[in-house]
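# Reading the structure
Single-letter residue listing:
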Amino acid sequence: MTVSIGLVANVYNEANALPGWIETHLPFFDDIRVMHAGPGGEYSTDGTIEILKKWNIPVEYCSIDEGFGVVRTRTMRMSPCEYVMLLDADER
């Protein structure tokens, strides 16, 4: 029986951390997805979204104003995998 393991993160203006985060984790997970959660639904202004598109990482959008716990729960539910690890973009 094969078990699938996914990685998710919620991000906003994480362009400095994302390339290393993706490169470090890509070989170890079956699926990687990101929730973009800017205040007031704002989009990152530092190239975060462009980096995710470059790596073909699926992104969903919401507002951190919904509450940190709500966003984290939605982020976890994004993954189609049986097991999911949630790591911040600066965690390697």
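Further up the page is the structure itself.
Worth saying up front: this structure is predicted, and the values here are computed from it rather than measured. (Residues numbered from 1 in each chain as written. Predicted model: local features only at pLDDT ≥ 70, side-chain atom pairs only at ≥ 80, totals over all residues. Heavy atoms only, no water.)

This part is about the pattern of salt bridges. For the structure shown, the criterion picks out three salt bridges. Close ionic contact of D31 with R33 constitutes a salt bridge, the shortest N to O distance being 2.6 Å. Given the relative accessible area of 22%, R33 is considered partly exposed. Two residues, R72 and D88, come together in a salt bridge whose shortest N-O distance is 2.9 Å. Note that R72 is positioned in helix α3 (residues 68-78) and D88 in the segment after β4 (83-86), a separation of 16 residues in sequence. We classify R72 as partly exposed; its relative accessible area is 21%. Overall, the relative accessible area of 30% leaves D88 in the partly exposed class. (Salt bridge = Lys/Arg side-chain N within 4 Å of Asp/Glu carboxyl O. Buried < 20%, exposed > 50% of the residue type's maximum accessible area, 1.4 Å probe, protein only. Helix = DSSP H or I, 4+ residues; strand = E, 2+ residues; numbered from the N terminus.)

Right, let's talk about unusual backbone geometry for a bit. One non-glycine residue, N13, lies in the positive phi region at around 50°. In this structure, N13 sits in the loop between β1 (5-11) and α1 (18-25). The backbone phi angle of N56 is positive, close to 60°, even though this residue is not glycine. With respect to the element layout, N56 can be found in the loop between α2 (48-54) and β3 (59-63).

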